[in-house]
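Architecture and fold: a report
Each chain, letter by letter, is given below.
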Amino acid sequence: MKRTPIFVNRPILPPLSDLEPLLGEIWQSRILTNGGPLLRRFERALADYLEVAHVSIVSNASLGLVLALRHFGITGEVVTTPFSFVATSHAIRWAGAEPVFADVDERTLNLDPAAVEAAITDRTQAILAVHCYGIPCDTAALADIARRHGLRLIYDAAHAFGVRRAGRPLLAEGDLSVLSLHATKVFNTFEGGAIIAPDAETKAALDRLSNFGIVDEVTITGTGLNTKMSELHAAVGLALLPQADAAIAARNRLAAGYWEALSQIPGLRCLCPPAQAGHNGYAFPILVGDDYPLTRDGLYQRLKAEEIHARRYFYPLIADLPMYRTLPSAAPGRLAVARRAADQVLCLPLYPDLAPADQQRVIEAVRDPQC
Ligand SMILES: *Cc1c(COP(=O)(O)O)cnc(C)c1O
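Please read all numbers here as calculations on a predicted model, not as lab measurements.

1. Structural notes on the packing of aromatic side chains
Applying the stated criterion across every chain, the model contains eight aromatic pairs. An angle of 10° between the planes, with centres 5.0 Å apart, marks the rings of Phe161 and Phe187 as stacked. You can see Phe161 sitting in the loop between strand S6 (152–156) and strand S7 (164–165) and its partner Phe187 sitting in the loop between strand S9 (176–180) and strand S10 (193–197), a full 26 residues away along the chain. An aromatic cluster is present here, built from Phe83, Tyr133, Tyr313 and Phe314 joined pairwise through their rings. Sitting above the plane of the Tyr315 ring, Arg296 keeps its charged end 4.6 Å from the centroid.

What follows is the structure in structure tokens.
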């Protein structure tokens, strides 16, 4: 019997009936983009939901990261993590700067502050850290390093939608944080992103950079780009925002189920402890160690044979990709923790409407990989 496939992720969508009135507004106004009325409404609603001062909404997080770096004129070295989606380092290159990789912390797989400090040279201008899987970085230590060395601190917060610590939004950390609203993330506008700005002036500067550098009809300041979000995408965001809390709650419930079933299995390490107040359940990464009966790739193939499509996020390590592996910071023997994690990590299927029976199928296949 052929079993139905279970994918690692499945995007959430607004009910069509909630989207239709907003589409009606677009057809009525004939304003399709350029900071139209729906975009402005979505921007306010998103900032309120996230409890941050200002957001500058962009077409995707990759370009949002480029704008954030360009905003500060970063063209030197940027200390960053190799354990992330490739967009993190690509954005540094597109901004005209150069990534310098530092190793990650064993417990969180986020940048290790001591390794960051050791990677700083007189050419370093910024730190670009990632809250991988929505797990918070050591933000206090990174902020302290940035302050002492006069560096900008930017967060790739692509995974951190809605994450709070002690009641405070993680997205408010650093000089700027960049959120992704891509289809595969906790909350989406099909494609999209948002830069969290601490004040209205910074938001206005980012909005200008996002719109060719245009100030008014006759004034253009700076070499801006076009990274605007259309009214269609903003309509999706407005219609979907009321579902965000339920989606996060469902993810956290499923993650707790995985934890309960899998955290005691010899050779497996589950990275995200359950019910951490304020977490968003973005992913359920496991690390497959030597005491498990299969290697990580063995388990990946075994699950695939069962039509369970887990994903090796993040493998290969960014520092091992052809365009980065010749950097001195990517040399063999360095980045030991990140390299081991890339060889051991597997993200299990997790999305708000993952059926309990399907989750059970995943759990059983991981528990008894020899069957
Ligand atoms: C998805 C992702 C990005 C890119 O986001 P887009 O909105 O698709 O450009 C950047 N960084 C990380 C860590 C991601 O997971």
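Still more to cover.
2. What to know about the sheet that holds strand S3 (residues 77–80)
Pairing in this open sheet of seven strands is mixed, and the strands run S2-S10-S9-S6-S5-S3-S4 from one edge to the other. Each end of this open sheet is capped by a strand with a single partner; those strands are strand S2 (54–58) and strand S4 (98–101). Pairs of neighbouring strands in the sheet enclose a mean axial angle of 25°, with direction left out of account. Looking at chain direction, S3 and S4 are connected through four bridges and run parallel. Looking at S4, one finds that Val79 is bridged to Val100. Relative to the sheet, helix H3 (residues 61–71) contacts S2, S3, strand S5 (124–130), S6, S9 and S10, its axis offset from that of S9 by approximately 170°.

3. Examining the pattern of salt bridges
Opposite charge on two side chains makes pairing possible when the charged atoms of those side chains draw close. As enumerated under the stated definition, the model contains 23 salt bridges in all. Of the charged contacts in the structure, one is a salt bridge between Glu98 and Arg93, with a shortest N-O distance of 2.9 Å. Of the charged contacts, one joins Glu117 and Arg148 as a salt bridge, the two residues approaching to 2.8 Å between their closest N and O atoms. Of this pair, Glu117 sits in helix H5 (residues 113–119) while Arg148 sits in helix H6 (residues 139–149), and the two are 31 residues apart along the sequence. Note on Arg148: relative accessible area 45%, which makes it partly exposed. In the salt-bridge network here, residues are joined through shared partners; they are Arg40, Glu43, Lys203 and Asp207.

4. Brief notes about unusual backbone geometry
Across the junction of Tyr313 and Phe314, the peptide omega takes the value 10°, indicating a cis bond. Note that Phe314 resides in the loop between strand S15 (308–309) and helix H11 (336–344). At the junction of Tyr315 and Pro316, the peptide bond is cis and its omega measures out at -5° in the coordinates. With a phi close to 60°, Tyr133 is a non-glycine residue in the positive phi region. When you line up the elements, Tyr133 lands in the loop between S5 and H6.

5. Focus: the packing of helix H9 (residues 244–262) against helix H12 (residues 356–367)
Running from N to C, H9 and H12 point in directions that differ by 25°, and their axes come no closer than 10 Å. Comparing their axes, H12 and H9 come out roughly parallel. Like other packed secondary-structure pairs, H9 and H12 cross with a definite hand, here right-handed. Within the contact between the two elements, H9 uses Leu254, Gly257, Tyr258, Ala261 and Leu262 and H12 uses Gln359, Val362, Ile363, Val366 and Arg367. In the contact of H9 with H12, the residues fall into seven nonpolar, two polar and one charged.

6. Some details on the domain arrangement of the protein chain
The assigned domain composition of the protein chain is domain 1 (16–243) and domain 2 (244–367). Each of domain 1 and domain 2 has a C-alpha centre, and these two points are 25 Å apart. Each partner contributes to the interface: domain 1 provides 40 residues, whereas domain 2 provides 37 residues. Of the roughly 3,100 Å² buried between domain 1 and domain 2 on both sides combined, carbon and sulfur atoms contribute 64%. Considering only the surface of domain 1 that becomes buried against domain 2, Phe101, Tyr133 and Val186 emerge as the three largest contributors, covering 24% of it. At the junction of domain 1 and domain 2, the tally comes to one salt bridge.

7. Brief notes about helix H1 (residues 16–29)
With 14 residues, H1 extends 20 Å between its outermost C-alpha atoms, agreeing within 8% with the 20 Å of an ideal straight helix rising 1.5 Å per residue. Listed as buried for H1 are Leu19, Leu22 and Ile26. For H1, the angular spread of the buried residues around the axis is 70°, confining them to a single face. Facing away from the buried side of H1, by more than 90 degrees, are the exposed residues Ser17, Trp27 and Gln28. Looking one or two residues past H1, Arg30 carries a phi angle of roughly 60°, positive in sign.

The rules we used
Residues numbered from 1 in each chain as written. Predicted model: local features only at pLDDT ≥ 70, side-chain atom pairs only at ≥ 80, totals over all residues. Heavy atoms only, no water. Phe/Tyr/Trp six-rings, centres within 6.5 Å; stacked < 30°, edge-to-face > 60°. Helix = DSSP H or I, 4+ residues; strand = E, 2+ residues; numbered from the N terminus. Lys NZ or Arg CZ within 6 Å of the ring centre and 35° of its normal. Pairing = 2+ DSSP bridges. Axes fitted to C-alpha atoms, helices over the stretch in contact; angles between N-to-C directions. Contact = heavy atoms within 4.5 Å. Salt bridge = Lys/Arg side-chain N within 4 Å of Asp/Glu carboxyl O. Buried < 20%, exposed > 50% of the residue type's maximum accessible area, 1.4 Å probe, protein only. Parallel < 35°, antiparallel > 145°, perpendicular 65-115°, else oblique. Left-handed = near helix turned anticlockwise from the far one by under 90°. Nonpolar A, V, L, I, M, F, W, Y, C, P; charged D, E, K, R; others polar. Domains from an automatic or database assignment. Buried area = accessible area lost by both parts, 1.4 Å probe. Expected span 1.5 Å × (residues − 1). Arc of directions from axis to C-beta.

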